[in-house]
Amino acid sequence: MDFGKLVHRRKPEIPVIRPRALDKKQHIPEVGVKSLELSKVIRLLEDPLTANLKERHLFVLKKLLKRSQIGFLLKELTCIAKILNICAEKVTDHPEYVAILCEALHICRLPFLKEKASDELNYAQDVIEFLSHMGCLMRVSHAEVRQQTVESVKSFYSCVAPKQLIDGLQPTSPGYRLQLLERSELAKTLLLSLAALENQPAIKLQLLQTLQILSGSSDMNCALILNARGAETICLQMNEPDPSGQVLFRSSEILWNLLERGSKEVTAQLSSMECVISLKEAFLHQLMNGSRHSDLQLRNDLLVITTLIAESPSSLLIESLFAKQLVVLATFPELKSSNPLVRNLKLSYNNEDLKMKKLLLNLLVLMSKDFAALQLYKEERVMLALLTLVKPPAASSERRSASLQWSSVQQEELQLQALATVCTVAPLMLDDYMTHKGSTCLLLLLDRCVAQDAFFGQGHGSHDRGGRGSMKAQMRHCIRVLRSVTSLGEDSVNQDFCDQGTINQFLGILMQMEASPDEEDVVTLEIKSDIQLILSALCENDMYRKELFGSEVVEMAIHFLKKGCDKFYSGLGHNKLILSTVDCVRSCIVGCYTTEDYFLAKEGVCLLLDLLRSSPRCVHCNVLATLLELCDNPNTLSHILSWRDAGGQTAPRFLLQLWRDEEDELKVSRNRHGGIADLQRPIISQYHQEDTQLSFPANTPSAAVLEVSENLRLKIYSIFCKLGFQDLPGLSRKDYVTLSIVRRYLDFKVGEVWDELRRELSLDGVRPITPDEEALSTICKGAEDTAGRVAAEQNSILEQQQKEDIGEEELMYTEIKSHWKQQELIAKSWDRYVSKTSNYEILKEVKAQREKYQDAAVHQTEHFVGQAMSVERAGAQGPAGVKLILARAPIKAVGQDQVGATSQDPEYFSTVSVKD
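Residues numbered from 1 in each chain as written. Predicted model: local features only at pLDDT ≥ 70, side-chain atom pairs only at ≥ 80, totals over all residues. Heavy atoms only, no water.

1. Notes on a nonpolar patch on the surface
Together, L746, V750, W754, L757 and I779 give the surface a local cluster of nonpolar side chains, amounting to about 390 Å² of exposed area. With four residues, the single largest contributor to the nonpolar patch is helix 42 (residues 745–763). By the secondary structure assignment, I779 is in helix 43 (residues 770–838). (Patch = residues over 30% accessible without salt bridge, like charges linked within 9 Å, V, L, I, M, F, W, Y side chains within 5 Å. Areas by Shrake-Rupley, 256 points an atom, 1.4 Å probe, with all protein chains shown as cover. Salt bridge = Lys/Arg side-chain N within 4 Å of Asp/Glu carboxyl O. Helix = DSSP H or I, 4+ residues; strand = E, 2+ residues; numbered from the N terminus.)

Next up, the structure:
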């Protein structure tokens, strides 16, 4: 009964199955295209009752593939993937399924098909899973299946035209499958399958080609490969036997692609001992056996990968003995060696050999960070080889008698690369540098660079910026090396420089470049600033050199200070030149009174103040420090006090303005008049207040101490200590308010440090003993009292200013009243004149008065007020203390006037001047 029910349940779900004796052709229509359902095919393959019907399986699967010759539908991909996985499991026992898998993978090369435009979005996850399952088919051991899988994936990146489609079906967009491939695990699965292809080299090579395409087309594919430690896997298998010679090439290309998209992760994987040894074997094999141009390129590619590994601090180049072989190669062919590696090595001196030589020199720079590498450099005489390359080309060509040698262009590139290498290595190997007379070699090259008959550089390579048509590139790198060596402050090295006349030579080069009519460029400005830094290093701690070369250095410094900082933000390097000039003044001039006096006579202090006035804030610290050191010379103070800027501002006033600007930058609490607003924190910045709840270790400077070196206030305070705080010219009341704070800066800073100490003790839970607690409280209270006295002094200054303002205001009002009084008198005079001309009675009265005094012996002259001439203040307060001087004009009697009645009236026009 149960068996009958089982047969009845499964009967409609199984495709039509007939006895084998019947003719198959009679039943093809029953398993037609329309009637074939994938779910039934899956049940046919999985059901225990039909799992062994191999012929029926193959028949149905062939029908399925025949139906799908134009491509798989998106909605069927889930079922197709399941069918392919079932077939892959059956391949082991039934090889007949191999053909089915190969045919299905061949169809996968065609674009997927969609019935509606929305199918691409709706079935995106199905496509991702299908592509992941597709990569899993690499587990099938049959070569045909693996080859078809790899070829199908490769075809995704080529344009495969779809076959003639049925109405209602459309192919997916070209980038649809590639976009979803990145989200699948296909790249990772293909990488992991490399381990299973040891006995199938042809397929392995094809798989490497596929991985090269995948890694070169997408960052996400690279990330998937790296997550599976793909860089390590590729590196470890690239030296396996390969008659074609393509495995190493493809492997290096894959590593290149991975490095371009994730260099840190790649170098971390390649830094293991096994990978370094594998790279070493591959490189040495190409070095000794490669002769074709492609072989030389591959050799250089492997060297570049090694260079990237050398940048990692955890690289094992030295432990693997790879570094020793690289160092030996770096000194070849300049030095003779008995090492077997170079005994029979022949160079073609072509461009690829030149690239290898430059890469080896670059490796010397990278490996120099390890002290063990420096020991290798000493053993292999690396410094001698580098200095041999640095020599001028003519001397180098005379030394070599071989027929094959570097061309002049190649020699120039190697010379520049060697100079760049020496710049890094020489400070680390001073003993070897001095032993092989490195300074002499570089100074000879420098002489050659500035000579009139110097050869013209070709301008090739990565280190020849600014060198085409001249030897400016060589000069730039040569001076850069000398700067790196002299900056160490080694007395023996610097003395060796000076014994060879370096200071005069550098000063001559510097002024010669200044006199050149050529426009300033980046390289020229860098050379000038480097020369100034070298001069600073040579003269900083040697009083004899300062005195011996002081006048020449002063002339040079004055010349550059006069240029100002108008081009500070030009982007060419004027900012560095300004800073190096100021440093040259501090190191080569300050400290020697003879040189300082000459600098003062040349108005050097005024030029420094002009520079301070016009320069941006980032330069102020250096200029103020130099001015402060110059203030030790008593002759400096008069120059500072006599300085005026274009607007007539004095140096003390400008320094106080700098103080206010600095406090605005630090956001120090101040009232609207610039006075102290917080008595407990008179000079503390807002940033410092934010750190008040922090406790600093004993070996770390606190915020109050660090603040001293991070802003300009201490330097301004120190300069005022030299100038004094009394009788300073050109100060306003606001400046005096600021000056009162500056004068007590040290007291405020001491109180701030003690307050910080008490606060840190509290944060650490430490209670001082009673006497110490009382002392701390007294000190902090004293600092607060000092702030109170300064605030009272500031209020007194402001009150005095207010009184003066009131007095000036009263004087102004008095002048205004006088002006209005004059206007009233003028108005009365005019009214009187008008009344005489308009009223006959008044005219008769005036005439009678004139006749009355006509016969008098002496005629009294009458006066009328004209206009105020001057106003002076007397000792009394208010209007009573104002002395007003008025202009007076006489009026003659009638008898003295011969003008007729029709003439202008003398009483008005002779006495009053009407003005607005």
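Once the structure has been displayed, the description carries forward.
2. Describing the state of the cysteines
This model, assessed by the stated rule, comprises zero disulfides. Here C275 stays free of any disulfide, with the sulfur of C235 as its closest cysteine sulfur at 4.2 Å. For C275, a relative accessible area of 0% gives the class buried. (Disulfide = S-S within 2.5 Å. Buried < 20%, exposed > 50% of the residue type's maximum accessible area, 1.4 Å probe, protein only.)

3. Quick look at unusual backbone geometry
P333 follows F332 through a cis peptide bond whose omega is 5°. Relative to the helices and strands, P333 is located in the loop between helix 17 (322–330) and helix 18 (340–343). The phi dihedral of Y349 falls on the positive side, at around 55°, and the residue is not glycine. Summarising the element assignment, Y349 is placed in the loop between helix 18 and helix 19 (351–367).

4. Details of the pattern of salt bridges
Following the criterion strictly, the structure yields 43 salt bridges and no others. Residues K563 and E514 are paired through a salt bridge, measuring 3.1 Å at the closest nitrogen-oxygen approach. You can see K563 sitting in the loop between helix 31 (550–561) and helix 32 (574–588) and its partner E514 sitting in helix 28 (residues 502–515), a full 49 residues away along the chain. For K563, a relative accessible area of 35% translates into the label partly exposed.

5. So, the environment of C423
Tracing the chain through its elements places C423 in helix 23 (residues 408–425). Residue classification places C423 among the buried residues on the basis of a relative accessible area of 15%. Put simply, C423 and I479 are 56 residues apart on the chain and 9.4 Å apart in space, counted from C-alpha to C-alpha. Those residues in contact with C423 that lie beyond four places of it in its chain are R480, V481 and S484. (Contact = heavy atoms within 4.5 Å.)

6. Here we look at the packing of helix 26 (residues 472–486) against helix 29 (residues 522–539)
Between two packed helices, the angle of one axis relative to the other and the distance separating the axes together describe the packing. In the contact formed by helix 26 and helix 29, the axes pass within 9 Å of each other and the chain directions differ by 25°. One way to sum up the angle between helix 26 and helix 29 is to call them roughly parallel. Judged by the twist between their axes, the crossing of helix 26 over helix 29 is left-handed. Residues K472, M475, R476, I479, R480, L482, R483 and T486 of helix 26 form the contact with helix 29, whose participating residues are V523, T524, E526, I527, D530, I531, L533, I534, A537 and L538. Of the residues assigned to the contact of helix 26 with helix 29, the class counts are 10 nonpolar, two polar and six charged. (Axes fitted to C-alpha atoms, helices over the stretch in contact; angles between N-to-C directions. Parallel < 35°, antiparallel > 145°, perpendicular 65-115°, else oblique. Left-handed = near helix turned anticlockwise from the far one by under 90°. Nonpolar A, V, L, I, M, F, W, Y, C, P; charged D, E, K, R; others polar.)

7. Let's talk about helix 11 (residues 201–217)
Spanning 17 residues, helix 11 covers 24 Å between terminal C-alpha atoms, matching the ideal 24 Å at 1.5 Å per step. Of all 17 residues that make up helix 11, 12 are buried, and the element is covered over most of its length. Elements that come into contact with the buried residues of helix 11 comprise helix 8 (143–155), helix 9 (176–183), helix 10 (186–192), helix 12 (219–227), helix 13 (230–237) and helix 14 (246–270). (Expected span 1.5 Å × (residues − 1).)

8. Thoughts on the environment of V585
Inspection of the secondary structure puts V585 in helix 32. For V585, a relative accessible area of 0% translates into the label buried. A sequence separation of 49 residues divides V585 from S536, and the C-alpha atoms of the two residues are 8.2 Å apart. Sequence-distant contacts of V585, that is, excluding residues within four places in its chain, are made with A557, L561, V590, F599 and T626.

9. Let's talk about the side chain of R177
By secondary structure assignment, the location of R177 is in helix 9. For R177, the contacting residues outside a window of four places in its chain are C108, R109, L110, P111, F112, L131 and F156.

10. Examining a negative patch on the surface
Negative charge collects at one region of the surface, where D805, E808, E809 and E810 lie side by side. By relative accessible area, which is 42% here, E809 ends up partly exposed. (Lys, Arg positive; Asp, Glu negative; His and termini not counted. Charge placed at Lys NZ, Arg CZ, Asp CG, Glu CD.)

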